[in-house]
Amino acid sequence: MKKLLLMLFLLTTSLIAAETPPPSLEPYEAKDFSNILGMPGFTDEALKMHFTLYQGYVKNTNLFIQILDGYAKEGKERTPQYAEIKRRLGWEFDGMRLHELYFSNLGGTPDSELDPDSPLCGRIEQDFGTFAAWQENFKSTGLMRGIGWVVLYLDPVEGRLLNMWIAEHDIGHMAGGKPILILDVWEHAYLTMYGLDRAAYIDAFFNNVNWQEVANRFPKDEVPEKKTSRT
Ligand SMILES: [Fe+2]
């Protein structure tokens, strides 16, 4: 009898599980970065416009996930429409996440600096020779023609730091890499403030980096101590 009851219980449970749709995940929420308003070298007007653009990426990320879920429920996962939205989802998601990393690594005081005793500073000096050499390489990467991002990436496998160029939002990311410092060099980030003088914008960016936040992104306890060289 007990065995029969157990079988009935398992059968009922499996039927319920089969008929219960997967739980709906909470949509992404746009974060508030109004704390960085008033930064020297940035106008509030430009920053507020930038926040609005960021909110568009959050909105579209949620929208595309919703559309894809709808197609899946209708059995349309192998259609061109599904494939097209699926391709665009990564672009919107990366636009959302990169802006969050960018805004949150701003808001520092102009006279702040990366703690020279921090593990991140030590790794920068190991991989690039000096902090100044790394910064020059980062700035030069930001002056490349095109729209996109500069990301100081940590390759956690080799423990190596690399300044990477990300075209648009999604081309050039380091697989498995951990973003440490992010600079937006799309024209909307600086054109209304600096015209075509991207170098002046990058200088203003460095005057406002929140180095404590950046240092905290470096996972000091998990990075292999491997001798590396600059690239
Ligand atoms: Fe942007």
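What you see as residue numbers is a count from 1 along each chain, following the sequence as written. It should be noted that, the model being predicted, local features are given only for residues of pLDDT at least 70 and side-chain atom pairs only at 80 or more, the latter also being counted only at that level, while totals for whole chains, interfaces and linings use all residues.

Student: I'd like a description of the packing of helix α2 (residues 44-73) against helix α3 (residues 80-104), backed by residues and values.
Tutor: Interaxial distance between α2 and α3 falls to 8 Å at its minimum, and their mutual angle equals 150 degrees. Taken together, the axis directions place α2 and α3 in an arrangement best described as roughly antiparallel. Helix-helix and strand crossings are classified by hand; for α2 and α3 the assignment is left-handed. Where α2 abuts α3, its residues Tyr-54, Tyr-57, Val-58, Asn-60, Thr-61, Phe-64, Ile-65, Ile-67, Leu-68 and Tyr-71 lie against Gln-81, Tyr-82, Ile-85, Lys-86, Arg-88, Leu-89, Glu-92, Phe-93, Gly-95, Met-96 and His-99. In this classification, Asp, Glu, Lys and Arg are treated as charged, Ala, Val, Leu, Ile, Met, Phe, Trp, Tyr, Cys and Pro as nonpolar, and every other residue, Gly included, as polar. Each residue belonging to the contact of α2 with α3 can be placed in one class, and the counts come to 13 nonpolar, five polar and three charged. Inter-axis angles, ranging from 0 to 180 degrees, are taken between N-to-C directions of lines fitted to C-alpha atoms, where helices are fitted over the stretch in contact. Numbering goes from the N terminus for both helices and strands, where a helix is a DSSP run of H or I of at least four residues and a strand is a run of E of at least two. Note on angle classes: values under 35 degrees are labelled roughly parallel, values over 145 roughly antiparallel, values of 65 to 115 roughly perpendicular, and the remainder oblique. In this scheme the crossing of two helices becomes right-handed for a clockwise turn of the near helix relative to the far one and left-handed for an anticlockwise turn of less than a right angle. We call two residues in contact if the C-beta atoms placed from their backbones are at most 7 Å apart.

Student: Please provide a residue-by-residue account of the pairing of strand β3 (residues 178-184), values included.
Tutor: The burial label depends on the number of other C-beta atoms within 10 Å of a residue's C-beta. Counts of 20 or more mean buried, 12 or fewer mean exposed, and intermediate counts mean partly exposed, with C-beta atoms placed from the backbone. The buried count for β3 comes to six of seven residues, which makes it a mostly enclosed element. Paired strands, in this sense, are two strands between which DSSP finds at least two bridges. Pairing of strand β1 (residues 148-155) with β3 involves six bridges; the strand directions are antiparallel. Bridging from a neighbouring strand, Leu-154 pairs with Lys-178 of β3.

Student: Can you lay out the sheet that holds β3 for me, pointing to particular residues and giving the numbers?
Tutor: Strand order in the open sheet formed by three strands is β2-β1-β3, with antiparallel pairing between adjacent strands. Edge positions in the open sheet fall to β2 (160-167) and β3, since each of these has one partner strand only. Each adjacent strand pair in this sheet contributes to an overall mean axis angle of 20 degrees, direction not counted. Packing of α3 onto the sheet brings it into contact with β1 and β3, and relative to β3 it is tilted by some 85 degrees.

Student: Run through the nonpolar core, naming residues and quoting values.
Tutor: Take the buried Ala, Val, Leu, Ile, Met, Phe, Trp, Tyr and Cys residues, join any whose C-beta atoms are within 7 Å, and the set you get is a nonpolar core. Judged by nonpolar contacts, the single largest core of 31 residues is most densely connected at Trp-149, Val-151, Leu-152, Ile-180, Ile-182 and Leu-183. Among the secondary structure elements, those contributing two or more residues to this core are α3, α4 (119-128), α5 (131-142), β1, β2, β3 and α7 (198-207). For this core, the element with the most residues is β1, which contributes six residues. Excluding residues within four positions of it along the chain, Trp-149 makes contact with Leu-98, Ile-166, Ile-182, Leu-183, Asp-184 and Val-185.

Student: Which residues make up α5, and what are the values?
Tutor: The span you would expect from a helix comes to 1.5 Å times its residue count less one. A rise of 1.5 Å per residue sets the reference length of α5, with its twelve residues, at 16 Å; its end C-alpha atoms lie 16 Å apart and thus fit the reference within 8%. Within α5 the residues assigned to the buried category are Trp-134, Phe-138, Thr-141 and Gly-142. Buried residues along α5 cover an arc of 100 degrees about the axis, so they all sit on one side. Pointing more than 90 degrees away from the buried face of α5 are the exposed residues Ala-132 and Glu-136. Relevant arc is that of directions from the helix axis to the C-beta atoms, nothing else.

Student: Describe the environment of Lys-139, with residues and values.
Tutor: Mapped onto the elements, Lys-139 comes out in helix α5. Looking at Lys-139, the number of C-beta atoms within 10 Å reads 18, which means it is partly exposed. For the pair Lys-139 and Asn-163, spaced 24 residues apart in sequence, the C-alpha separation works out to 9.5 Å.

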